[in-house]
Every structure is written in structure tokens, then in C-alpha cells.
Amino acid sequence: MKNLLSMKDLTVEEIMSILKQAQLFREGASSQLKQDYTMANLFFEPSTRTKMSFEMAERKLHLNVLPFDAGFSSTLKGETLYDTVKTLESIGVDALVIRHEQNDFFNDLIGKVKPVIINGGDGTGNHPTQSLLDLLTIQQEFGTFKNKVISIVGDIAHSRVARSNADAFSRLGAKVNFVCPPNCNAEFEATYNIDEVIESSDVMMMLRVQHERHDGKSNFSKAEYHQQYGLTVEREKRMKENAIIMHPAPMNRDVEIASEIVECERSRIFKQMENGVFVRMAVIEMILKGRE
Ligand code: CP
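Positions within a chain are numbered from 1, following the residues in the order the chain's sequence is written. Per-residue local features are limited, in this predicted model, to residues with pLDDT of at least 70; the limit for side-chain atom pairs, both in listing and counting, is 80 or more; totals at the level of whole chains, interfaces and linings are taken over all residues.

Before going further, it helps to spend a moment on the site of the ligand. The environment of the ligand is formed by Ser 47, Thr 48, Arg 49, Thr 50, Gly 121, Gln 130, Pro 248, Ala 249 and Pro 250. Residue classes follow a fixed rule: Ala, Val, Leu, Ile, Met, Phe, Trp, Tyr, Cys and Pro count as nonpolar, while Asp, Glu, Lys and Arg count as charged, and any other residue, Gly among them, counts as polar. For the shell around the ligand, the residue count by class is 3 nonpolar, 5 polar and 1 charged. What counts as a domain boundary in this text is fixed by an automatic or database domain assignment. Structurally, the shell around the ligand is a two-domain feature, drawing no fewer than three residues from each of domain 1 (7-126 + 273-289) and domain 2 (128-267). Using the backbone to place each C-beta atom, any residue with that atom within 6 Å of a molecule or strand is considered near it.

If you want it as C-alpha cells, here you go:
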């Protein structure tokens, strides 16, 4: 693996190897990198979890991390992403994490720039490290993906998390259900009725309603959305005994998930965030080792 742009870049064997290494990092393993590397995290869309956990992962791997603030960069003077990356290449950066609002932003870079590119989220396209941390969380819970029923619920049309996970879950043998409002999906076979899946799912993966990508148009009030598509307190009680709740976050509390159940016994939402650090360590190490 030279770059990580999409889950489709990874074979099942590579996915399993990243999960294994992430678990070892979680249990205290140290970095095996032999050289001194410098990274930068270029976030052109807002982020708390992905940006901070990549930075934590880089520090735990003892890498040099150059700070980059898109809001004070020369992109505001019209510099292109390509010229920004070439500039960082010239300065001596080895690897970049990039989040950008443009789907497939990396097509302008791959094969033309030297730094490794790790996709931290491209528009509505891909979010591969979120998918990997979701996989690690599910593996820790059930030990396998085979025949597990995973229901992805919510604003699927705008979700790079849904797109990355749909591919990975299916390849690993899970059964994936999609549940969404009628105007929130044009890609997957879906049901509009969350109650059809609530009692049979091993994982209820709730997605954020991405208000910022809806052009201010919505067919629902927040309360109506919660009642019709949300994980309510009442629905949580009907989940299978060992079923878990996941959400990539940030969350709209009391919209896609009731605030009272965000930290309930079956919620793994904050464990997903913990796993994000270790999965990102494993991805960075695997890619940089390939260069040694
Ligand atoms: N899950 C996720 O990508 O969160 P951030 O947008 O805060 O990075």
C-alpha cells in the first residue's frame, strides 16, 4: 500500500493486518519505524476526531509533525491543493493526511507528488480510516464479521462513512442493511423503516444528519426525524441482548440518537474514538515501512 485513499485500496488480508497491528498498539506495542519521518495534517473541512487522533498517532510513533492551519494558509490566496502539496514536498514532508470537500481530491496528486497521501475524508466519497476503526471496534466485540447484521441508519447520501463501510463490511462477510429517509440515498437498496431492523441487528450504526450538505432544505423537523429514523430510548430497549450502538460522530443529540443512550452500556461511540488512534498508527506505520 503506497497511499490510503479508499477502502478499495486494501485487500482483506491488508485490512486484517492493520486491525491486528492496531490491536497490538492498543496493548502497548512500540513503533518499528527505523527512519525519521515528517508528517503534516491538511484539513480543509472541519474535524475534531480525525485530525486530533492522527496527530496523537503521529506523536505516539515519534514522528515529526508540522502544524498546518488551512484558515491561515496560502490556499486563501488562491494556491491550489497541488501547489500546496508540492510546497510541503519541497520543504521535506514525507506523508500527508488530507481532508478536503472535493470528492476524489487525490486524483490531482497521485503519481505527481512524492509525499504519501492518506485520505482523511473526501467530500461525500471515502473515509477509510473511519471504516478501519469501525471494523476494529466490531472485531473486538464479536471476534468476527461473518454473518453479523450491521444496520447503517441515516443520511446515507452524504455519508463517506457509509460508502467506505458498505464496501468493507460486505467483503468481510457481514450482512449490511441501509435505513434512511427516501431523499437520503440513491445508491444502495434501503428500507425507510428503522423498526424493520432494530430487533435483528448486531450493530446499529447511526449516521449524522449532515445539515451543512443539505442546502438548508429538510423535509423533517429534528423531533420528527428522531421519531421516525432516530435511535430512541424505546428502540434501544428492543435491540438484541448483545447488540451494540455505533456512531462516527460528531452527533446531533436527540436527532439521530437519543442523548440518554449516547453513553449507555451498549454504546461503543467513545471506544470507536479510542480505536481511531491505534488504527491510524497502524496505517501510518504500514505505509512508511513500505518506503524503508
Ligand atoms: N468521525 C469523524 O470524521 O469526525 P471528525 O469530523 O470530527 O473528524
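With that settled, consider the UniProt feature "binding site: carbamoyl phosphate" (unreviewed entry) in the protein. Per the UniProt record, "binding site: carbamoyl phosphate" (unreviewed entry) is found at Arg 49, Thr 50, Arg 99, His 127, Gln 130, Ala 249 and Pro 250. Once C-beta atoms are placed from the backbone, any two residues with those atoms within 7 Å are in contact. Apart from the residues lying within four places of it in its own chain, the contact partners of Thr 50 are Arg 99, Gly 120, Gly 121 and Thr 129. Along the chain, the position of His 127 falls in the loop between strand S4 (116-122) and helix H4 (128-142). We classify His 127 as buried; it has 26 C-beta atoms within 10 Å. Ignoring sequence-local partners within four residues, the contact set of His 127 consists of Gly 121, Arg 160, Val 161 and Ser 164. UniProt positions are given in the numbering used here, feature names are shortened, and annotations may be inferred rather than shown by experiment. For helices the rule is a DSSP run of H or I covering at least 4 residues; for strands it is a run of E covering at least 2, with both sets numbered from the N terminus onward. Residues with at least 20 other C-beta atoms within 10 Å of their own are called buried, those with 12 or fewer are called exposed, and the rest are partly exposed. The C-beta atoms themselves are positioned from the backbone.

It helps to recall that an α-helix has 3.6 residues per turn; residues three or four apart then point in one direction. The terminal C-alpha atoms of helix H2 (residues 49-60), which comprises 12 residues, lie 16 Å apart, in line with the 16 Å expected from a rise of 1.5 Å per residue. Among all positions in H2, only Thr 50, Ser 53, Phe 54, Ala 57 and Glu 58 are buried. The buried residues of H2 occupy an angular sector of 140° when projected down its axis, which confines them to one face. On its buried side, H2 packs onto strand S1 (38-43), strand S2 (64-66), strand S3 (95-100), S4, H4 and helix H8 (269-289). Count one or two residues on from H2 and you reach His 62, which has phi positive near 60°. Multiplying one less than the number of residues by 1.5 Å gives the expected span of a helix. Each direction from the helix axis to a C-beta atom contributes to the arc, which is the arc of those directions.

Here we come to the domain arrangement of the protein. We note that the domain assignment places domain 1 (7-126 + 273-289) and domain 2 (128-267) within the protein. Its C-alpha centre places domain 1 at a distance of 26 Å from the equivalent point of domain 2. Facing the 23 residues of domain 1 at the interface are 20 residues of domain 2. Elements with a minimum of two residues in the side of domain 1 that touches domain 2: helix H1 (12-26), H2, S4 and H8. For the side of domain 1 that touches domain 2, the per-class residue count stands at 9 nonpolar, 10 polar and 4 charged.

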